[in-house]
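Take a look at the letters that make up each chain.
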Amino acid sequence: MNVPLLDLVAQYRTIKDEVWSALQRVVESQQFIMGPAVPQLETAVAQLSHARHGVGCASGTDALLLPLKALNLKPADEVITSSFTFFATAGAIHNAGGTPVFVDIEADTFNIDPETVEAAITPRTRAIVPVHLFGQMANMERLLAIARRHGLKVIEDACQAIGARRSIDGEWRVAGELGWVTAYSFFPSKNLGAWGDAGMIVTSDDAVAERLRRLRLHGGAKQYHHEEIGTNSRLDTLQAAVLLAKLPHLAAWSGKRREHAAYYSKAFAGLRGVTTPVVERANEHIFHQYTLRAERRDELLAHLKAKGIGCAVYYPIPLHRQECFAALGYKEGRLPVSERAAREVLSLPIFPELTREQMDTVVGAVREFYR
Ligand SMILES: *Cc1c(COP(=O)(O)O)cnc(C)c1O
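Here we summarise the structure given alongside this text. (Residues numbered from 1 in each chain as written. Predicted model: local features only at pLDDT ≥ 70, side-chain atom pairs only at ≥ 80, totals over all residues. Heavy atoms only, no water.)

Section: the nonpolar core
Residues Leu41, Val45, Val117 and Phe186 are the most contacted members of the largest nonpolar core, which totals 57 residues. At the level of secondary structure, the elements contributing two or more residues to this core comprise helix 1 (8-29), helix 2 (37-48), strand 3 (99-103), helix 5 (114-120), helix 6 (140-150), strand 9 (199-203), helix 8 (237-246) and helix 9 (250-268). The two domains that each donate at least three residues to this core are domain 1 (8-248) and domain 2 (249-370). Counting 38 residues, the second-largest nonpolar core is a separate cluster that includes Phe134, Leu354, Val366 and Phe369. (Core = buried A, V, L, I, M, F, W, Y, C linked by side-chain atoms within 4.5 Å. Buried < 20%, exposed > 50% of the residue type's maximum accessible area, 1.4 Å probe, protein only. Helix = DSSP H or I, 4+ residues; strand = E, 2+ residues; numbered from the N terminus. Domains from an automatic or database assignment.)

Here's the deal with the side chain of aspartate 104
Take aspartate 104: it is sitting in the loop between strand 3 and helix 5. Although aspartate 104 is buried, it makes no salt bridge; arginine 293 carries the closest opposite charge, 8.5 Å away. Non-local contacts of aspartate 104, meaning those with residues more than four positions away in its chain, are made with Ile112, Asp113, Thr116, Leu335, Pro336, Val337 and Ser338. (Lys, Arg positive; Asp, Glu negative; His and termini not counted. Salt bridge = Lys/Arg side-chain N within 4 Å of Asp/Glu carboxyl O. Contact = heavy atoms within 4.5 Å.)

Overview of the sheet that holds strand 10 (residues 274-275)
Spatially, 10-12-13 is the arrangement adopted by the three strands of the open sheet, whose pairing is antiparallel. Whereas interior strands pair on both sides, the edge strands pair on one side only; in this sheet they are strand 10 and strand 13 (345-348). Note that strand 12 (residues 290-294) and strand 13 share four bridges and pair antiparallel. Bridge pairing links tyrosine 290 to leucine 348 in strand 13. The sheet strands contacting helix 9 are strand 10, strand 12 and strand 13, and the helix crosses strand 12 at an angle near 20 degrees. (Pairing = 2+ DSSP bridges. Axes fitted to C-alpha atoms, helices over the stretch in contact; angles between N-to-C directions.)

Focus on the sheet that holds strand 7 (residues 171-174)
As summarised here, the arrangement of the three strands in space is 7-6-11, forming an open sheet in which the pairing is antiparallel. This sheet does not close on itself; its edge strands, each paired only once, are strand 7 and strand 11 (283-284). Examined bridge by bridge, strand 6 (residues 165-168) and strand 7 share four bridges and lie antiparallel to one another. Counted as the bridge partner of serine 167 is tryptophan 172 from strand 7.

Here it is, written out as structure tokens:
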């Protein structure tokens, strides 16, 4: 049996009618640019994030870039982020005019390690960009305390973590609620995926929300009046309609991912060669990815691929070792936990529509490899 890493067609079959009728309403109104579905989605996602404002934009990358631009960074200004993340996190820092400073991760959660953040702070540091990697939140309480002490902004990269929660002082806090601003991606493969590119920023800072609304529309709140230079980064109305139709399903889909993760982790318990994902006690994980640490990872990957099982390495090269950042001068060995993760991680199929049979196929193939 073939098991794809992600089966968007399986999801499409379950929501086809709802999404098509939402799309049809947009098409019949011909309001493609900033139609009513955009502010509706902004309100809904802000609510979900316990934030006052949602600002739709063209992608998760722009949802990081626009708030970084709002910091007016100069080239020597530093923004601290994790080396073990998708490229967009660091690319946005550079494209906003700043310098990314890469720090290491916690070995168990793969999330940014607050201790390494604190050690990297200099007089030029302006902001911290924690990434809630694979769907579980970073240690926000420690990061916020560090940021407060040093007067830094916190921009949450929640592109993989919409709806994730963390218990802080006995209270559930959601991704998007704690940072200065938070970036979401609705790339089709994310837990809440559009039928194309889309993104959103949420924040409870009224002034920055207004600024972000300007920046996504060429820097002008009023048409043909430009207070500053922005860009065109609107959230497409058709994509907003897709996302509004899918949003009511998000909690159930993330619940399914959690169930599948529990099934895998039980099935792999005691298997020598793999370490199953660690969920921090304070966290409710949404399992954007189910990521193992695996001995002989590349051989396991080849074995699974040969059996028709989708799997992938997120991420094979930590960002401090990317060619484009060579000028920053990070040598091999500088961020050992990220470098080791890049050698050992392997993500397995975890999409909500996965069947028990498919999971048993995956488990059987992994077990067979280590036998
Ligand atoms: C997907 C993703 C992004 C970028 O989102 P796009 O919508 O693809 O631009 C940024 N950061 C992380 C961690 C992501 O997973």
